[in-house]
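Residues per chain, in single letters:
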Amino acid sequence: MYISVTPILYLFAVAVVGQALTPSTFLTTIDQDRLKKVFKSSTPYTDLPTVHYSILGLKLLGDTSINNQEICSTITKLVDNKSVASLYHASAAAKGVGNCKFPVGDAQKVLSDAIKDSVPVADIFYAFSALKNLGLQVDNAKVTSALTEALKKDDSPQSAGYGFFVASQLTGDTKKIFDSIEDVVAQADEVDDKYLQFEGGLYTTALVVDGAYKLAAKEKKAPTMSDDKVVKFANYFLSRKHVHQLRAAYQLVSVIKTLTDNQFHIPVAITLASPVAVTSSSPNVKVQVTNLLGGSIDSLTVTADSAKHISSEAIVLSKKPFTAKDSSTYELNFMQAKPVRGFYKIIISAKPSKEDKKLLGLTGAEVEVKVTTQVSIENVEIGVADKDQTTAARTTKVQYPGKASTVFEADYHQKIIVKFQLKDKADGTKMSAHQTFLKLTNQKTNQEIIFVADAASNKFDLDIGSSAGQFGHLSGKYSMELIIGDAVIENPFSWALGEVSLNFPEGQTPKDKGLDRYAKKPEIKHLFREPEKRPAAVVSTVFTFLVLSPVLILVLLWMKIGVNVSNFPMSLSGVGFHLCLAAIFGLYYLYWVELNMFQTVRYLGLLALPTFIFGNRLLSGIASKRKGEKKV
Amino acid sequence: MLRLSFLVVLYVCAVFANKRTLVLVDNWSVRETHSVFFRTLRDRGFELTFKTADDSSLALVKYGEFLYDNLILFSPSVEEFGGSLDVAAITNFIDGGGNVLVAASSDIGDPVRELATECGVEFDYEKTAVIDHLNYDIKDQGKHTMIIADSKNLLDAPLIVGSKNINPLLYRGVGMVADPENPLVLSVLHASSTAYSFSPDKAIDDYPHAVGKNTLLVAALQARNNARVIFLGSLDFFSDEFFTASVQSGMSNKQFPKSGNEDLALSLTQWVFKEKGVLRVGAVKHNKQGEKEPPQAYTVFDMVDYSIEIEELKDGKWKPFSGQDVQLEFVRIDPFVRTTLKNSNGKFHITFKLPDVYGVYKFQVDYNRVGYTHLYSTTQVSVRPLQHTQYERFIYSAYPYYTSAFSMMVGVCVFSLVFLHFKEEPKEKKE
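This structure is a prediction, so every number in the text was calculated from the model and none was measured. (Residues numbered from 1 in each chain as written. Chains lettered and ligands numbered in written order. Predicted model: local features only at pLDDT ≥ 70, side-chain atom pairs only at ≥ 80, totals over all residues. Heavy atoms only, no water.)

Peer 1: Please explain the overall build of chain B as it appears in this structure.
Peer 2: Looking only at helices and strands, chain B features 9 helices and 28 strands. Against the globule reference of 22 Å for 431 residues, chain B gives a C-alpha radius of gyration of 34 Å, more extended than a compact globule. Considering only C-alpha atoms, chain B reaches an extent of 145 × 65 × 35 Å along its principal axes. Within chain B, buried positions represent 53% of all 431 residues. Summed over all atoms, the accessible surface of chain B reaches about 20200 Å², with 53% contributed by carbon and sulfur. (Helix = DSSP H or I, 4+ residues; strand = E, 2+ residues; numbered from the N terminus. Rg over C-alpha atoms; globule rule 2.2 N^0.38 Å. Buried < 20%, exposed > 50% of the residue type's maximum accessible area, 1.4 Å probe, protein only. Areas by Shrake-Rupley, 256 points an atom, 1.4 Å probe, with all protein chains shown as cover.)

Shown next, in the form of structure tokens:
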């Protein structure tokens, strides 16, 4: 019953999901070199996991440049023989190097003790692998029970992956674990209907798949994974071939290797080996049919089942065999089918000469190619016409790749017309291109203004007046360039047609956008007010003397009448009063020169009191004296 | 124990100052396909938190505080953010000083376009791509959308783009144009003049969203609060594949062993996450020439010493800023004086004469250069007019006035002496 169902399922899977699933890439030598670089990038090694993953990765990729002795001494230096993880990495690396012994101490005990119930699967894996690598004794029964216990507790894909690895090396009954492969694989998530991955990412996915196949090899039974799931896993691995993390990179290489040399499933990659563009000068579509590492697969017949023009859905060929070029490359002259330009999807299937169930993804592989063509540009006319079209446009013909000799002149009530025809060089039919742009470059400011042609008629109708804003109202010389490009044009070009001098009305130039906000600002120096002009020195000198003259006259007249001060009383009040009066005037002078008002008032207060007292006594003295004289 | 953990929290906060980063992805595979990019960020001390863009627990703010300093949006196709996140929350985040790096692709969804529009950048519609039939890479899948961007087209701003002398850049994604009305948007990288942005599968029936050099591939924005935002139309730009890919033009067969993407990505992230181009003001001093302390008020015509210390963040440490074009403005509504400061090892100084107009002024250093944070320092001082004693005392033309006043004072003194103590000659003698 079971046996009869499987082929039906198989057929069903191929019919429904088999389409476009075949890996369209493999681990090319470039990819392998890049991965080697990733592995080598971590030298000199400073920790054991790095040594482990990079050495094993390099070994898997067949790199021979490893200095075994040096690595071995690094391992010896770094190993900590009390730690299970350290022993695991060291022993794995040492095994990879080969013929490398390092002091293990009491590893047997450390590792054996680590395997017990209630430890995580990963720890069991580390301890068990280390024991195996070191060639020490393993208690199979104990490992089996610990593993079963641990797997019961933790059913994450990563633990399952470790479990598969341990089980693959266990002697004894591991059928239960083998049977769990189906459940574990069912946990994987599908992405884009194309990839299958586990939540933990590349490392976990690779670990599980790799482990499953290792276990299957031991059980000598194919793992319960449907073919399209295997292919989806393979697609996922290949989509991650740019990985840079060491551990994941090693596991990736390991699983890809497993997928090329196991007994049960070998996904086949059908890869386009020629450029995407197919032209009349290189008419062959080449495909490589290989395993995931680029290894060839014996005696295949490769057929193009169909080739379909993508936009028009026209089928240009069907059931065309590829001819074998070498053991893995096959080619087909695609141009023989006389395809029109455009994108094509070719569906390819390969068939081994004798049926091999191992090979997966042999049908429904898709490659996309495009048929390109040379384009020629003809009947190019450039002219300037009035907007209202009262006069017919005078046009100049230009031949590609020449340049119009005259400079066209146009102002804002005219328009520039450029007409051309594009022809497919292969069959001479008219065609249109995706990109037909006319670029005008201001020769002074280098500003570019691009116009798009009317696609149907291949004609530019450039109204200068209405597009003045785009030109920024800048009159001057512009160079014209015609840009023709398309995905299916083999010879896209940017052709300098000539020059045009445009005239825009004056005074419409938009105002400056202001200063660049990030630039240094202009310096500002403060302009001090100029002092007023002063009158000539003579004038003030003359007036100074004029002003002084009353005092002089007073002194002169006094001298004439013989003035005297012999009534001066030689008393304190007399001297004091006059000194104080002079001091007050002196204070006024100081006030003018340096003191402020408050200081002045204070000093004035100090001076006022003695002045008052002295003055009072002096004057009363004088008055009483006069009175006395009169009485006498 | 509690105290210890508190200390640990404090320590973690100190270490990850400005480094807490939320990375939003469309699906987890971005972590693997862009592992080199994320690893360089981690190596530089960034604490990355990965979430899918539709995660229902997304939040940028908790208890009024931002949970992250930086946001990386590597989720172009998201149609609606999860949790409390939406375009308004992200613009709030930017308004709060957060930095954002946005990478889009041809599967661009509405939220990312809206966010860009808020920041003055307009992405082209979904399913469009930047196409360049004359500058495409040989690894292109046929539609000429994997274009080569010449590093000559980079903005002249070493702080943002690093060295311009790098290998050509690979780009596959959607194009942008900058809003001409927004002066803060910088066109970091534009396409060549033969490029345009349109759907590769449809005929051009409308004027493309972006043509020629107007097609922006990388746009940057430094908001007025110094928050930085970078928009990139290509998520693949940061991928391991593009970082390590060789560049070979499909047209001219010019070949480079490695693309410049990694170099540019490094410079861009250093800038956008404020590892470069950050300035701060130290001590600001001003005083009258020859004095030590600032006076209560300056007087017009004073000679004033002004100095300001400016430091720049370099490799995580504050170093003296080496710019030579820092300007000081002395402003009373309008600047009265604007002069370039002399730099001596991060201390910028100048001695200048105050203007002859009194009022309340500001010493203002407003340093705004491409790539640097906006530095703005003002110190308010008052400038008063001359005191009456500070004017010129003896003007020759005014000598008549001085002499008249002094002669009057002398006159009063002498006259009072004579008037009070004059002794008439005795008349009796004559009689």
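Peer 1: I keep staring at the overall build of chain A and nothing clicks. Help me out?
Peer 2: Summing up its helical and strand segments, chain A has 17 helices and 23 strands in all. Computed over its C-alpha atoms, the radius of gyration of chain A comes to 52 Å, more than 25% above the 26 Å expected for a compact globule of 632 residues. Once the C-alpha set of chain A is aligned to its principal axes, its extents read approximately 170 × 100 × 45 Å. Put simply, chain A has 632 residues, and 44% of those count as buried.

Peer 1: I tried to follow the state of the cysteines on my own but got confused; where do I start?
Peer 2: Note on terminology: a disulfide is the covalent bond linking the sulfur atoms of two cysteines. Enumeration over the complete set of coordinates arrives at 1 disulfide over all chains. Of all cysteine sulfurs, the one in B:Cys413 lies closest to A:Cys580, which takes part in no disulfide; the gap is 11 Å. (Disulfide = S-S within 2.5 Å.)

Peer 1: Help me out: how do you make sense of the sheet that holds strand β9 (residues 323-324) of chain A in this one?
Peer 2: The pairing of strands in a sheet happens through backbone hydrogen bonds and is either parallel or antiparallel. Residues and elements named next belong to chain A. Reading across from one edge, β4-β6-β10-β9 is the order of the 4 strands in this open sheet, with antiparallel pairing throughout. The open sheet has two edge strands with one neighbour each: β4 (269-272) and β9. As judged from the 5 bridges shared by strand β6 (residues 284-290) and strand β10 (residues 329-333), these two strands associate in the antiparallel manner. Among the inter-strand pairings, Asn284 is bridged to a residue of β10, identified as Asn333. (Pairing = 2+ DSSP bridges.)

Peer 1: Would you explain the pattern of salt bridges in this entry?
Peer 2: Think of it this way: side chains of opposite charge can pair up when their charged atoms draw near. Residue and element names in this part refer to chain A. Considering all chains together, one arrives at 37 salt bridges over all chains under this definition. Close ionic contact of Lys319 with Asp305 constitutes a salt bridge, the shortest N to O distance being 3.7 Å. Taken together, the positions of Lys319 in strand β8 (residues 315-321) and Asp305 in strand β7 (residues 300-309) put the pair 14 residues apart, joining distant regions of the chain. According to the relative accessible area criterion, Lys319 is exposed, its value standing at 61%. For Asp305, a relative accessible area of 21% gives the class partly exposed. Across the salt bridge formed by Lys345 and Glu366, the nearest N and O atoms sit 3.9 Å from each other. One end of the pair, Lys345, is in strand β11 (residues 342-352); the other, Glu366, is in strand β13 (residues 365-371), with 21 residues separating them in the sequence. Assessed through its relative accessible area of 29%, Glu366 is described here as partly exposed. (Salt bridge = Lys/Arg side-chain N within 4 Å of Asp/Glu carboxyl O.)

Peer 1: Looking at this structure, how should I read the side chain of B:Asn70?
Peer 2: All names here are of chain B. Tracing the backbone through its elements, the reader meets Asn70 in strand β5 (residues 70-74). At 3.3 Å, the side chain of Asn70 and the side chain of Thr21 are in polar contact. When near neighbours in sequence (up to four residues on either side) are disregarded, Asn70 contacts Asn18, Lys19, Arg20, Thr21, Leu22, Phe46, Phe93, Asn99 and Phe273. (Polar contact = N/O pair within 3.5 Å; in protein donor to acceptor, adjacent residues only side chain to side chain. Contact = heavy atoms within 4.5 Å.)

Peer 1: I tried to follow a negative patch on the surface on my own but got confused; where do I start?
Peer 2: Taken together, the side chains of B:Glu79, B:Glu80, B:Asp86, B:Asp110, B:Glu114 and B:Glu118 make up a negatively charged region of the molecular surface. Structurally, B:Glu79 is set in the loop between β5 and α4 (87-95). (Patch = residues over 30% accessible without salt bridge, like charges linked within 9 Å, V, L, I, M, F, W, Y side chains within 5 Å. Lys, Arg positive; Asp, Glu negative; His and termini not counted. Charge placed at Lys NZ, Arg CZ, Asp CG, Glu CD.)

Peer 1: Would you take a moment to explain the packing of aromatic side chains for this structure?
Peer 2: Each aromatic ring pair is described using two quantities: the centre-to-centre distance and the angle formed by the ring planes. This model, assessed by the stated rule, comprises 50 aromatic pairs over all chains. Here the aromatic rings of B:Phe123 and B:Phe231 are separated by 6.0 Å at their centres, their planes lie at 75 degrees, and the arrangement is edge-to-face. Of this pair, B:Phe123 sits in strand β7 (residues 121-123) while B:Phe231 is found in strand β16 (residues 228-232), placing the two residues 108 residues apart along the sequence. Per residue, the accessibility class of B:Phe123 equals that of B:Phe231, and both read buried. Between B:Phe330 and B:Phe363, the ring centres sit 5.0 Å apart and the planes meet at 50 degrees, which makes this aromatic pair tilted. Of this pair, B:Phe330 sits in strand β23 (residues 327-332) while B:Phe363 sits in strand β27 (residues 359-367), and the two are 33 residues apart along the sequence. Its guanidinium or amino end placed over the ring of A:Tyr203, A:Arg247 lies 3.7 Å from that ring's centre, counting from NZ or CZ. The ring of B:Phe46 has B:Lys19 sitting right over it, with the charged end atom 4.3 Å from the ring centre. (Phe/Tyr/Trp six-rings, centres within 6.5 Å; stacked < 30°, edge-to-face > 60°. Lys NZ or Arg CZ within 6 Å of the ring centre and 35° of its normal.)

Peer 1: When you look at the nonpolar core in this model, what are you seeing that I'm missing?
Peer 2: Within the largest apolar cluster, 109 residues are counted, with the highest numbers of intra-cluster contacts made by B:Phe37, B:Phe74, B:Ile90 and B:Phe238. Tallying contributions element by element places strand β15 (residues 216-222) of chain B first for this core, with 6 residues. Discounting chain neighbours no more than four positions away, the residues touching B:Phe37 are B:Ile72, B:Phe74, B:Leu101, B:Phe238, B:Asp240, B:Phe243, B:Ala265 and B:Thr269. Listed in part, the 93 residues of the second largest apolar core include A:Leu61, A:Leu87, A:Phe128 and A:Tyr213. (Core = buried A, V, L, I, M, F, W, Y, C linked by side-chain atoms within 4.5 Å.)

Peer 1: Just to check I follow, could you spell out the packing of helix α2 (residues 29-40) of chain A against helix α13 (residues 246-261) of chain A for this structure?
Peer 2: For any two helices packed against each other, the geometry comes down to the angle between their axes and how far apart the axes lie. All names here are of chain A. Following both chains from N to C, one finds α2 and α13 inclined at 140 degrees, their axes separated by 10 Å at the closest point. By the angle between their axes, α2 is oblique relative to α13. You can see that α2 and α13 cross each other, and the crossing is left-handed. The residues of α13 that touch α2, namely those facing Leu35, Val38 and Phe39, are Leu246, Ala249, Tyr250 and Val253. Per-class residue counts for the contact of α2 with α13 are 7 nonpolar, no polar and no charged. (Axes fitted to C-alpha atoms, helices over the stretch in contact; angles between N-to-C directions. Parallel < 35°, antiparallel > 145°, perpendicular 65-115°, else oblique. Left-handed = near helix turned anticlockwise from the far one by under 90°. Nonpolar A, V, L, I, M, F, W, Y, C, P; charged D, E, K, R; others polar.)

Peer 1: Would you mind going over the interface of chain B and chain A with me for this structure?
Peer 2: For an interface, size is often stated in terms of accessible area lost upon the parts coming together. Opposite the 83 residues of chain B that make contact, chain A presents 74 residues. Interface area for chain B against chain A, summed over the two sides, is near 6900 Å², with a carbon-plus-sulfur share of 62%. When the area that chain B buries against chain A is broken down by residue, the three leading residues are B:Glu32, B:Arg338 and B:His421, summing to 10%. Where chain B touches chain A, the interface holds 5 salt bridges. Among the salt bridges present, the one from A:Arg240 reaches B:Glu32, with a minimum N-O distance of 2.8 Å. (Buried area = accessible area lost by both parts, 1.4 Å probe.)

Peer 1: What is the right way to look at the confidence of the model for chain A in this model?
Peer 2: Parts of the prediction with low pLDDT should not have their coordinates interpreted in detail. Chain-level pLDDT for chain A is 84 on average; 94% of the residues reach the 70-or-more range. Overall, residues 1-19 of chain A carries pLDDT values under 50, and its contacts beyond four positions in sequence, including any with other chains, amount to 11 contacts. (pLDDT = per-residue confidence, 0-100.)

Peer 1: Before we go on, may I ask you to explain the sheet that holds strand β22 (residues 476-485) of chain A in this structure?
Peer 2: Residue and element names in this part refer to chain A. Taken together, 5 strands build an open sheet; the order of strands is β16-β23-β22-β19-β20 and the sheet is mixed. Each of the sheet's edge strands pairs with one partner strand only, and the pair in question is β16 (407-411) and β20 (448-452). The average undirected angle you get between the axes of adjacent strands in this sheet is 30 degrees. In terms of strand pairing, β16 meets strand β23 (residues 493-503) through 5 bridges, oriented parallel.

Peer 1: Just to check I follow, could you spell out the side chain of B:Gln222 for this structure?
Peer 2: All names here are of chain B. Its location among the elements puts Gln222 in strand β15. A polar contact is formed between the side chain of Gln222 and the side chain of Asn226, at a distance of 3.3 Å. Engagement of the side chain of Gln222 in a polar contact is seen with the side chain of Arg228, the distance being 2.8 Å.

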